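Read off the chains here:
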Amino acid sequence: MTRPPLPPFTRDSAIQKVRLAEDGWNTRDPQKVSLAYTEDCRWRNRAEFVTDRADIVALLTRKWTRELDYRLIKELWAFEGNRIAVRFAYEYHDDSGQWYRAYGNENWEFADDGLMRLRLASINEAPIAAADRKFHWDASGPRPADHPGLSELGF
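Below or above, wherever it landed, is the structure these notes cover. (Residues numbered from 1 in each chain as written. Predicted model: local features only at pLDDT ≥ 70, side-chain atom pairs only at ≥ 80, totals over all residues. Heavy atoms only, no water.)

1. Let's talk about unusual backbone geometry
The cut-off we apply is this: Helix and strand definitions follow DSSP, with helices as H or I runs of at least four residues and strands as E runs of at least two, each counted in order from the N terminus. Only protein chains enter the accessibility calculation, which uses a 1.4 Å probe. A residue is then buried if its area is under 20% of the maximum for its type, exposed if over 50%, and partly exposed in between.
Look at the link from P4 to P5: it is a cis peptide, with omega at -5 degrees. Examined against the element boundaries, P5 turns out to sit in the segment before α1 (11–25). The phi dihedral of R28 falls on the positive side, at around 55 degrees, and the residue is not glycine. Along the chain, R28 falls in the loop between α1 and α2 (30–34). A positive phi angle is found at D69, which is not glycine, with a value near 55 degrees. D69 sits in the partly exposed class, given a relative accessible area of 36%.

Structural data, given as structure tokens:
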């Protein structure tokens, strides 16, 4: 199985890879998202360390059980060879209705087949008022092409 675009990345293929990752995460389907990673993919996600697809599914299941109406935007920061660096922001609310915005950076490394084999994420979040939300699209699908990205939103 391959997961195009494949490394080594060009600017255009890195941007495409980032958008495909964003679209996948916005499905909030842990099983589907896990298929973008190698069987033995290693993650650092905040203070949690993950070492395979089963752990990825478990982490994402917990995440999206707590983070309701999750919407994510990713943006390419840098790339070289089989590595991509992104910055991202996402919004969600908890079961009490409190909204949050999380910001972070990810460093990705890909195998030759285009599956991610290493993901290092640093994430911070802050509560926001519902009126301060910026990510407004149907939560059941990807971010529309005409919705502003992080740079356009001033993040």
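The discussion continues.
2. A word on the nonpolar core
Operational definition: By convention a nonpolar core is built from buried Ala, Val, Leu, Ile, Met, Phe, Trp, Tyr and Cys residues, the set being connected through side-chain atoms within 4.5 Å. Two residues form a contact once any of their heavy atoms are found within 4.5 Å.
Core analysis: the biggest nonpolar cluster contains 29 residues, and W25, Y37, W43, L60, I84, Y90 and W108 have the highest contact counts within it. Counting only elements with at least two residues in this core, the list comes to α1, β1 (37–45), α3 (53–66), β3 (68–80), β4 (83–93), β5 (99–110) and β6 (116–128). When residues of this core are assigned to their parent elements, the largest contribution, five residues, is made by β4. For Y90, the contacting residues outside a window of four places in its chain are R46, K63, E67, Y70, R71, L72, Y100, R101, A102, I123, E125 and F135. Counting residues in each nonpolar core, the second largest holds five residues, with I73, F135, W137 and L150 among its members.

3. Focus on the side chain of T38
Note the following rule: Polar contact is defined as a pair of N or O atoms within 3.5 Å, subject to the rule that within protein one atom must be able to donate a hydrogen and the other to accept it, and that residues adjacent in sequence are counted only when both atoms are side-chain atoms.
Along the polypeptide, T38 turns up in strand β1. For T38, the side chain forms a polar contact with the side chain of D40, separated by 3.1 Å. Residues within four places of T38 in sequence aside, it is in contact with R53, A111, L115, M116 and R117.

4. With respect to α1
The cut-off we apply is this: Here the expected length of a helix is defined as 1.5 Å per residue gap, with one fewer gap than residues.
Over its 15 residues, α1 extends 21 Å from the first C-alpha to the last, a length consistent with the 21 Å expected when each residue adds 1.5 Å. Within α1 the residues assigned to the buried category are S13, A14, K17, V18, A21, E22, G24 and W25.

5. Things to note about the environment of S151
Within the element layout of this structure, S151 appears in helix α4 (residues 150–153). Sequence separation between S151 and E75 is 76 residues; the distance between their C-alpha atoms is 8.3 Å. If we skip the residues at most four places from it in the chain, S151 touches E75 and R87.

6. A look at the environment of A14
Its place among the elements puts A14 in helix α1. Since its relative accessible area comes to 0%, A14 is described here as buried. In this structure the C-alpha to C-alpha distance between A14 and E75, which are 61 residues apart in sequence, comes to 9.9 Å. Excluding anything up to four places from it in sequence, A14 contacts F9, L76, F79 and I84.

7. Side note on the pairing of β3
What counts here: At least two bridges found by DSSP between two strands are what make those strands a pair.
Of the strand pairs in this sheet, β3 and β4 are connected by ten bridges, and their pairing is antiparallel. Along β4, the bridge assignment pairs L76 with V86. Counted between consecutive antiparallel strands, the loop separating β3 from β4 contains two residues, among which G81 sits at a positive phi close to 60 degrees.

8. Points about the sheet that holds strand β2 (residues 48–50)
For clarity, the cut-off: Axis lines are fitted to C-alpha atoms, over the contacting stretch for helices. Their N-to-C directions set the angle, which ranges from 0 to 180 degrees.
Read from one edge of the open sheet, six strands run β2-β1-β6-β5-β4-β3, paired in mixed fashion. A single partner strand is all that each edge strand has here, and the edge strands are β2 and β3. When strand polarity is set aside, the average angle formed by the axes of neighbouring strands in this sheet is 20 degrees. Along the sheet, α1 contacts β1, β3, β4, β5 and β6; its crossing angle with β3, the most-contacted strand, is approximately 165 degrees. Here α3 sits on the sheet in contact with β1, β2, β3 and β4, set at roughly 50 degrees to β1.

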